[in-house]
Amino acid sequence: MQITKTRSATTLLAAAGLALLLAGCSPDVEHRGYMPKPGAFDQISNGMSKMEVEGIMGTPSTTASVQYKGDSFYYITQITTSKAFLTSETDRTVIAIRFNEDGKVKSYAQYGLQDGRVIDINTNSTPVYGEDTSIISALLRTSKGTRTAPMLQGKF
């Protein structure tokens with residue numbers, strides 16, 4: 001009788017632990033930025049005013065003006081999936097609407113992740129004396145009778 005209760009409690013605890021473990025591994029999907037209304041992009045046409053576009057699409061995520069040749073509205077949506085501590089971008093959509101000098105729609109397009117390109121970020125950095133050494137290696141270097149850093153001008 002006592003063994004049966006212990007075995008049931010152990011099985012119940014193992015099942016609860018397994019359920020918690022599986023719940024921790026379920027993906028977490030996050031939507032960020034502009035949330036488009038269904039069919040809103042299809043309503044945009046050339047010649048519409050900025051106010052008409054804002055009435056259909058809403059306020060843009062960001063805007064840009066280029067050399068007084070017209071403005072641009074950008075509606076940006078990003079969807080990410082997180083699983084445990086790993087996050088990956090599942091989808092990104094950018095709707096770009098360009099206006100002419102009169103404030104009328106000149107062109108519009110919708111871009112996704114497949115339209116983007118990877119840009120190599122410059123990771124070069126200026127080396128700084130002492131940045132790559134530890135205090136122990138600095139002490140050992142000065143104990144051998146080597147000259148101190150040029151910045152210290154031999155004061156130590």
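This structure is a prediction, so every number in the text was calculated from the model and none was measured.

Conventions adopted
- Residues numbered from 1 in each chain as written.
- Predicted model: local features only at pLDDT ≥ 70, side-chain atom pairs only at ≥ 80, totals over all residues.
- Heavy atoms only, no water.
- Helix = DSSP H or I, 4+ residues; strand = E, 2+ residues; numbered from the N terminus.
- Buried < 20%, exposed > 50% of the residue type's maximum accessible area, 1.4 Å probe, protein only.
- Contact = heavy atoms within 4.5 Å.
- Areas by Shrake-Rupley, 256 points an atom, 1.4 Å probe, with all protein chains shown as cover.
- Core = buried A, V, L, I, M, F, W, Y, C linked by side-chain atoms within 4.5 Å.
- Phe/Tyr/Trp six-rings, centres within 6.5 Å; stacked < 30°, edge-to-face > 60°.
- Lys NZ or Arg CZ within 6 Å of the ring centre and 35° of its normal.
- Salt bridge = Lys/Arg side-chain N within 4 Å of Asp/Glu carboxyl O.
- 1 Å grid on protein atoms, 1.4 Å probe; cavity = no way out; pocket = protein on both sides within 12 Å on 5 of 7 lines; lining within 4 Å.
- Points joined across faces, edges and corners; volume = space filled by probe spheres on them.
- Nonpolar A, V, L, I, M, F, W, Y, C, P; charged D, E, K, R; others polar.

*Asks:* Is there a simple way to think about the overall build of the protein in this case?
*Replies:* Within the protein, the secondary structure is distributed over 3 helices and 5 strands. Scanning the protein from its N terminus toward the C terminus, one meets helices and strands in the order α-β-α-β-β-β-β-α. Buried residues in the protein amount to 19% of all 156 residues. Expressed as a percentage of contacts within the protein between residues at least 6 apart in sequence, the contacts between residues at least 24 apart total 42%. Accessible area for the protein stands at about 12,400 Å²; split by element, carbon and sulfur atoms hold 59% of it.

*Asks:* Would you take a moment to explain the nonpolar core for this structure?
*Replies:* The nonpolar side chains of a soluble globular protein tend to be buried with one another. Core analysis: the biggest nonpolar cluster contains 14 residues, and Val53, Met57, Tyr75 and Ile97 have the highest contact counts within it. Elements with a minimum of two residues in this core: helix H2 (50-57), strand S3 (71-83) and strand S4 (86-99). Here Ile97 is in contact with Ile44, Val53, Met57, Asp71, Ser72, Phe73, Tyr75, Val105, Ser107 and Tyr108, once residues within four sequence places are set aside.

*Asks:* Could you clarify how one ought to interpret the packing of aromatic side chains in this entry?
*Replies:* Throughout the structure, instances matching the rule amount to 3 aromatic pairs. Relative to Tyr75, the ring of Tyr34 lies with its centre 4.8 Å away and its plane at 55°, an arrangement referred to as tilted. Here the residue Tyr34 occupies a position in the loop between strand S1 (28-33) and H2, and Tyr75 occupies one in strand S3, the gap between them amounting to 41 residues. Of the residues examined, Tyr34 reaches a relative accessible area of 10% and is grouped as buried. When its relative accessible area of 0% is taken as the criterion, Tyr75 is described as buried. Taking the ring centre of Phe99 as reference, the NZ or CZ of Lys50 above it sits at 5.7 Å.

*Asks:* Whenever I open this one, the pattern of salt bridges confuses me. Can you help?
*Replies:* Side chains that carry opposite charge are capable of pairing whenever their charged atoms lie near each other. Counted under the stated rule, the structure contains 2 salt bridges. Arg32 is the salt-bridge partner of Glu30, the closest N and O atoms lying 2.6 Å from each other. For Arg32, a relative accessible area of 43% translates into the label partly exposed. For Asp71, the salt bridge identified is with Lys50, shortest N-O distance 2.2 Å. Here Asp71 is found in strand S3, whereas its partner Lys50 is found in helix H2, with 21 residues between them in sequence.

*Asks:* Explanation requested: the environment of Ile44 in the structure shown.
*Replies:* Topologically, Ile44 is positioned in the loop between S1 and H2. Judged by its relative accessible area of 2%, Ile44 is buried. The spatial distance from the C-alpha of Ile44 to the C-alpha of Ile97 is 9.0 Å, given a sequence separation of 53 residues. Dropping the residues within four chain positions of it, Ile44 is found in contact with Val53, Ile56, Met57, Ile97 and Tyr108.

*Asks:* Help me understand the layout of surface pockets, please; the structure alone is not making it clear to me.
*Replies:* Once rolled over the atoms, a probe with the size of a water molecule shows which space is left empty. In this structure, the largest pocket encloses a volume near 230 Å³. Along the walls of the largest pocket sit Arg92, Val94, Tyr111, Gly112, Leu113, Asp115, Gly116, Arg117 and Val118, which together make up its complete lining. At the level of secondary structure, the elements contributing two or more residues to the lining of the largest pocket comprise S4 and strand S5 (105-112). Its residues assigned to classes, the lining of the largest pocket comprises 4 nonpolar, 2 polar and 3 charged.

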